[in-house]
Amino acid sequence: MAERSAIAQDYPAADWHALPSEAVAELLSTSEHGLSPESVAARLARYGPNQLPEAPPPSDLELILHQFRSPLVLILMAAGVATIVLGKYVDTAVIAAVLVINATVGFIQERRAERAARALMRLLTPHARVVRNGQERDIESVDLVPGDVVLLESGMRVPADLRLTSTTALQIDESLLTGESIPVAKQAGVLAAEVPATDRTNLAYLGTIVVSGRGRGYVVATGERTQLGAIAASLRDTGTTANPLEIRLKRFSRVIGIAVGIAAAIAFVIGVLLGESPTDMFLVAVALAVASIPEGLPIAFTITLALGVQRMARRNAIIRRLPAVETLGSTTVIGSDKTGTLTENRMTVQQIWANGRHFQVAAGENLTGELLADGIPTPLVEQPTVAQLLITAILTNEAEVYRTHDGFATQGDPTEAALLVAAARLGLEPEQVRDRYDLLTDLPFEPERQYSASVRLHDGAAWLFVKGAPERILAMCDAQARDDGLAPLDLGEVHAALDAMAADGLRVLGFASVRLPHPPPTEMPLPELRGLHFLGLAGMMDPPRPGVREAIANCRDAGIRVIMITGDHAVTARAIGAQLGLAGRDALVVTGTQLAAMSDAELDEVVRRASIFARVSPDQKLRIVQALRRRGEVVAVTGDGVNDAPALRAADIGIAMGKSGTDVAREASSMILADDNFVSIVAAVEEGRITFDNLRNVTFFLVSTGAATVLAILTALTLRWPIPFLPTQLIWLNVVTNGLQDVALAFEPGERGVLRRRPRPRTEGLLSRTLWERTIVAGIVMGIGTLAMFWWELNQSGSLTQAQTVALTTMVIFQMFQVGNSRSERLSVFQKSPFSNPFLFIATTAALLIHIAALYFPPTQFVLRVEPISLDAWLRIIPVAATIIVAMEIHKLIRRPRPDRPGSGGRRFVPAAVGSPGPAQTG
């Protein structure tokens, strides 16, 4: 912070873009010859290195302590302390083992996720080209200081914030900061002070990429004081959002804690009122608390979430925080960046207008393409005007394109590269065309000029080729080329075609050529650009990623609303939104300027209706996320640029891009897409819903069996019977026999139609109302059945140990049947094959065999206070325990959830008509 204060004192709020370069140099105490070594050393000591502070990875101790933050774990720890006070050290050891296993599994998974995420983090360019003491040098970018003179060239990443002093056809990709896919043409002139940051074309910002041209400028900001640094710093002011699973767990743990306290208190009071010793009843209350706490739940939760993480990783989603697995399944709104997320982040020629007709350019297989007229393929050889237009695009082009085994590699301006790729797909190899047309002279593109031109020699004749802004090209033409010869220039026809392409969100270029009347001398100067023949128009855009439209439709069926939040222009955003099915072509697009004028209340209403937000700044994107969350939505935000980071942090779950994303975005996210593909989000949502179903199934299984033991103990106390279970036996039930089966429930495959359900409301608990009802029914049936077997055996044998062993075994068999009932909230146990989850089949069998072995193994007989039971007892236990299947099937039949339907998510979004406020939310 001291360095930032020093910079602020030296350069107080300088509007660098509004100052002449001479004034900038004077203010920075530098010159075009650069700084001296002594000055560099002094400034580096004063301002610090040119790097963004990176949050250190959590230490092993921090991760270990994080595993003990769960309220359920805290309750379990409290029970462990109670067993120590009472001298029940065997119980203490078992509880300690549960805590250690849970912490170990959680620690390993979170450390692995953290390492995978940090392995993806690469942002700052390690070197920069500077002028110091009048000499060009290559230095590490962390050593840059304010006042340094930096040289830029194509392919470089800008190493600091610069005030440009000279440019040559310099274009910079600023999608990292703005979200806009089209490179920004830079210039060195003075701008008005009121020009917004996104339009300051004489500044180059840290982290952006030079796509073409060259430039030179003074460093005006380094490290945290850069635009990128300001956004990174804002993240520290954005607190981490509690996700829905954490909220549900906290609420559920509160219920469990209250239930444990009430049950223990009731047991203590009943016993004392019936004349029992307070000391003995305190021991009983502790036993009841042990029975109430589902000791296996923390382990089962951690393993279920870890399995969800592994499944998502196989589907290209890297989870950095375990609860994020489930959060996706609860998501109701996905706010997505456009560039690089919904689109491919590369310009592509979509349409060509020539010879009075519109043509579409479609990519084919094996790096080929098709020229379509009204959807019908037409060979390029049959369209000579289109061919001449593409030749012009090649010959007035400074980009390069190379074929690879899986696509095209390009170098240079994305727009020019798109033209070369289109020509190559349609059969015109750029290098072969350039070889046939010898270069005489050319005129590179300049933003002020708005066109590029080239004079070529072909078959002894000189040809002039020009491409650029359509209005500029049309001003040079006096005729229009057609397949059957020249025709008068029809400006009305051309402008109609231009308007139609612009309405589709395309960036349009015009093309013209003419054969020069006389063979030119060698190295002739470029002739006067008049009398050209207009060839046509080419429209380009950053196209949607394949499969994204289908993914958005799947989200809609899942009850999830997708909105676009982009820094790109409104027309482009609307066109992409229409292609993706987000909204109609006439739907409202809310711009950043409009957002800036809205109060929070007005914004809350707008986010309910609008699906496309354009020209949005980082702080406005954050406001949108906050408005959605105020409306009770569970918000997932996707993005790859630094501009996305504050919103990623504030959302319920932030989803960053793994390939193209920045370190800042990844650091702020809960999940990273390894393939940068929005389509993978749908797969992650599906896995999230499956994971939550399994968490819910595990919880229901453990709570229902726990309720049965509590009911059995309370009833026995009320009837003045002996306690049917010892504390150690209760832990055996909860950790060993239950523990094998509840973990195996985590492997349950997803049910069909999981994506066609409505999202769970944020207010819904870990267990639904239906499952709480089912828990009560199951507790009553299993509790009564266990007590009946206990009382029968106690009367027949007269042995309390034998009766407690029968009660324990009855509950173990009840658990075997109940785990089958717990595999689905909706489906009958008879609709689920026992072999569709082989882990559960093996775990259930193993739990039974382990329990039988414990009845005969002397050490476990001593610890558990059990003994073998007779065959007659087994024959009574099995049919009694099977009654739980009958009870659960009846309840499922009575309280079966409504069938899920496509789009029945409780929210439907209807595309808005012209002038309407956007997609309306109903239902």
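Once that is clear, we can look at the overall build of the chain. Per the secondary structure count, the chain includes 32 helices and 30 strands. Per-residue burial over the chain gives 57% buried out of 923 residues. Contacts in the chain between residues at least 24 apart in sequence constitute 73% of all its contacts with a sequence separation of at least 6.

Between the first and last C-alpha of helix 23 (residues 618-630) there are 19 Å, a value that for 13 residues agrees with the 18 Å anticipated at 1.5 Å per step. Of the positions making up helix 23, those classed as buried are Gln620, Lys621, Leu622, Ile624, Val625, Ala627 and Leu628.

For arginine 434, the location among the structural elements is in helix 16 (residues 430-436). A polar contact is formed between the side chain of arginine 434 and the backbone oxygen of alanine 399, at a distance of 3.2 Å. Once you skip the residues sitting within four places of it in the chain, arginine 434 turns out to touch Ile394, Leu395, Asn397, Ala399, Glu400, Leu420 and Arg456.

This brings us to a nonpolar patch on the surface. A cluster of nonpolar residues, Phe268, Val269, Val272, Leu273 and Phe282, forms a patch on the protein surface that exposes about 450 Å² of accessible area. The element contributing the most residues to the nonpolar patch is helix 9 (residues 244-273), with four residues. Within the secondary structure, phenylalanine 268 sits in helix 9.

Moving on, we get to empty space enclosed by the protein. In this structure the tally under the stated criterion is two cavities of 30 Å³ or more. Put simply, the largest cavity is a space of about 90 Å³. Lining the largest cavity are 14 residues, with Asp693, Asn697, Glu751, Arg757 and Arg823 sitting closest to its centre. Considering only residue class, the lining of the largest cavity consists of two nonpolar, four polar and eight charged.

Bringing the packing of helix 19 (residues 548-557) against helix 20 (residues 570-580) into the picture now. Between two packed helices, the angle of one axis relative to the other and the distance separating the axes together describe the packing. It is the contact of helix 19 with helix 20, at a shortest axis distance of 8 Å, that shows an interaxial angle of 70 degrees. With respect to helix 20, the element helix 19 is oriented roughly perpendicular. Between helix 19, through Val548, Arg549 and Ile552, and helix 20, the contact on the second element is made entirely by Ala578, Gln579 and Leu580. Split into classes, the residues belonging to the contact of helix 19 with helix 20 amount to four nonpolar, one polar and one charged.

Taken residue by residue, a regular strand's side chains alternate between the two faces of the sheet. With ten of 13 residues buried, strand 7 (residues 209-221) is to be regarded as a mostly interior element. Relative to strand 7, strand 3 (residues 149-153) is paired through five bridges, and the arrangement is antiparallel. Paired with valine 149 across the two strands is tyrosine 218, which belongs to strand 7. Examined bridge by bridge, strand 4 (residues 161-173) and strand 7 share ten bridges and lie antiparallel to one another. Within the sheet, the bridge partner assigned to leucine 164 lies in strand 7 and is glycine 217.

Okay, the side chain of glutamine 729 next. Turning to its location among the elements, glutamine 729 is positioned in helix 27 (residues 727-745). Taking relative accessible area as the criterion, glutamine 729 reaches 0% and is therefore assigned buried. Within the local environment of glutamine 729, its side chain forms a polar contact with the backbone oxygen of leucine 864, the two atoms lying 2.9 Å apart.

So, about the packing of helix 29 (residues 800-821) against helix 30 (residues 838-856). Where helix 29 contacts helix 30, the two axes come as close as 10 Å, and the packing angle between them is 175 degrees. It follows from the interaxial angle that helix 29 and helix 30 lie roughly antiparallel. For the pair formed by helix 29 and helix 30, the contact residues are Thr805, Leu808, Thr809, Val812, Ile813, Met816 and Val819 on the first element and Leu840, Thr844, Leu848, His851 and Leu855 on the second. The class makeup of the residues in the contact of helix 29 with helix 30 is eight nonpolar, four polar and no charged.

This next bit is on the sheet that holds strand 9 (residues 333-336). Strand order in the open sheet formed by eight strands is 8-28-27-26-9-23-25-24, with mixed pairing between adjacent strands. Each having just a single partner strand, strand 8 (317-319) and strand 24 (590-591) make up the two edges of the open sheet. Two elements, strand 26 (residues 635-639) and strand 27 (residues 653-657), share four bridges in a ladder whose sense is parallel. Paired with valine 637 across the two strands is glycine 654, which belongs to strand 27.

Under the definition given, this model contains five aromatic pairs. For the pair tyrosine 437 and phenylalanine 465, a centre-to-centre distance of 5.8 Å together with 80 degrees between the ring planes defines the contact as edge-to-face. With tyrosine 437 in the loop between helix 16 and strand 16 (438-443) and phenylalanine 465 in strand 18 (residues 461-468), this residue pair connects regions lying 28 residues apart in the sequence. Three or more aromatic residues joined by ring pairs make a cluster, and in this case those are Tyr437, Trp463 and Phe465. In this structure, arginine 865 is placed above the aromatic ring of phenylalanine 862, and the distance from its NZ or CZ to the ring centre is 4.6 Å.

Glancing now at the pattern of salt bridges. Side chains carrying opposite charge are able to pair once their charged atoms draw close together. Here the structure, examined in full by the defined rule, presents 28 salt bridges. Residues arginine 315 and glutamate 687 are paired through a salt bridge, measuring 2.9 Å at the closest nitrogen-oxygen approach. With a gap of 372 residues between them, arginine 315 in the loop between helix 11 (297-314) and strand 8 and glutamate 687 in helix 26 (residues 679-718) connect regions that are remote in the sequence. For glutamate 687, a relative accessible area of 7% gives the class buried. Within this structure, Arg311, Arg315, Glu686 and Glu687 form a network of salt bridges that share partners.

Moving on, we come to the confidence of the model for the chain. Confidence in the prediction for the chain averages 83 pLDDT; 87% of positions are at 70 or higher. Strand 30 (residues 920-922) is the least confidently modelled element of the chain, averaging 30 in pLDDT, while helix 14 (residues 384-395) averages 97, the highest of any element. For the stretch residues 899-923, pLDDT sits under 50, and the model shows 57 contacts to residues farther than four places along the chain or on other chains.

Now for the environment of arginine 403. Structurally, the position occupied by arginine 403 is in strand 14 (residues 400-404). Distance from arginine 403 to valine 421, taken between C-alpha atoms, is 9.3 Å for residues 18 residues apart in sequence. Sequence-distant contacts of arginine 403, defined by excluding residues within four places in its chain, comprise Leu367, Phe408, Ala424 and Glu429. Here glutamate 429 takes part through its side chain, which lies 2.8 Å from a polar atom of the side chain of arginine 403.

With that settled, the discussion passes to unusual backbone geometry. Positive phi outside glycine occurs at aspartate 374, with the angle close to 55 degrees. Summarising the element assignment, aspartate 374 is placed in the loop between strand 12 (369-373) and strand 13 (376-377). Here aspartate 374 falls in the exposed class, since its relative accessible area comes to 70%. If you check the backbone angles, aspartate 459 has positive phi at about 50 degrees while not being a glycine.

Another point: helix 22 (residues 600-609). Within helix 22, burial applies to Leu603, Asp604, Val606 and Val607. Close packing links the buried residues of helix 22 with strand 23 (561-565), strand 24, helix 21 (592-596), strand 25 (612-614) and helix 23.

Moving on to the pairing of strand 17 (residues 451-458). A large share of strand 17 lies buried, amounting to seven of its eight residues. Across five bridges, strand 16 lies against strand 17 in antiparallel orientation. Each bridged residue has a counterpart across the sheet, and for leucine 443 the counterpart in strand 17 is alanine 453.

Moving on, we get to the environment of arginine 434. Taking relative accessible area as the criterion, arginine 434 reaches 14% and is therefore assigned buried. Between the alpha carbons of arginine 434 and arginine 456 there is a distance of 9.1 Å; along the sequence they are 22 residues apart. A distance of 3.0 Å separates a polar side-chain atom of arginine 434 from the backbone oxygen of asparagine 397.

Among the nonpolar cores identified, the biggest contains 146 residues, and Leu464, Val466, Leu537, Met671 and Phe678 are the most heavily contacted of them. Of the residues forming this core, the biggest block, 19 residues, is contributed by helix 26. Excluding its chain neighbours within four sequence positions, the residues that come into contact with valine 466 are Thr392, Thr396, Tyr451, Ser452, Ala453, Ile473, Met476, Gly510, Phe511, Ala512, Leu529 and Leu532. Ala354, Leu389, Ala399 and Phe408 belong to the second largest nonpolar core, which has 40 residues in total.

Tracing the backbone shows glycine 584 in the loop between helix 20 and strand 24. Linking glycine 584 and arginine 574, residues ten residues apart in sequence, is a C-alpha distance of 8.1 Å.

Thresholds applied
Residues numbered from 1 in each chain as written. Predicted model: local features only at pLDDT ≥ 70, side-chain atom pairs only at ≥ 80, totals over all residues. Heavy atoms only, no water. Helix = DSSP H or I, 4+ residues; strand = E, 2+ residues; numbered from the N terminus. Buried < 20%, exposed > 50% of the residue type's maximum accessible area, 1.4 Å probe, protein only. Contact = heavy atoms within 4.5 Å. Expected span 1.5 Å × (residues − 1). Polar contact = N/O pair within 3.5 Å; in protein donor to acceptor, adjacent residues only side chain to side chain. Patch = residues over 30% accessible without salt bridge, like charges linked within 9 Å, V, L, I, M, F, W, Y side chains within 5 Å. Areas by Shrake-Rupley, 256 points an atom, 1.4 Å probe, with all protein chains shown as cover. Salt bridge = Lys/Arg side-chain N within 4 Å of Asp/Glu carboxyl O. 1 Å grid on protein atoms, 1.4 Å probe; cavity = no way out; pocket = protein on both sides within 12 Å on 5 of 7 lines; lining within 4 Å. Points joined across faces, edges and corners; volume = space filled by probe spheres on them. Nonpolar A, V, L, I, M, F, W, Y, C, P; charged D, E, K, R; others polar. Axes fitted to C-alpha atoms, helices over the stretch in contact; angles between N-to-C directions. Parallel < 35°, antiparallel > 145°, perpendicular 65-115°, else oblique. Pairing = 2+ DSSP bridges. Phe/Tyr/Trp six-rings, centres within 6.5 Å; stacked < 30°, edge-to-face > 60°. Lys NZ or Arg CZ within 6 Å of the ring centre and 35° of its normal. pLDDT = per-residue confidence, 0-100. Core = buried A, V, L, I, M, F, W, Y, C linked by side-chain atoms within 4.5 Å.

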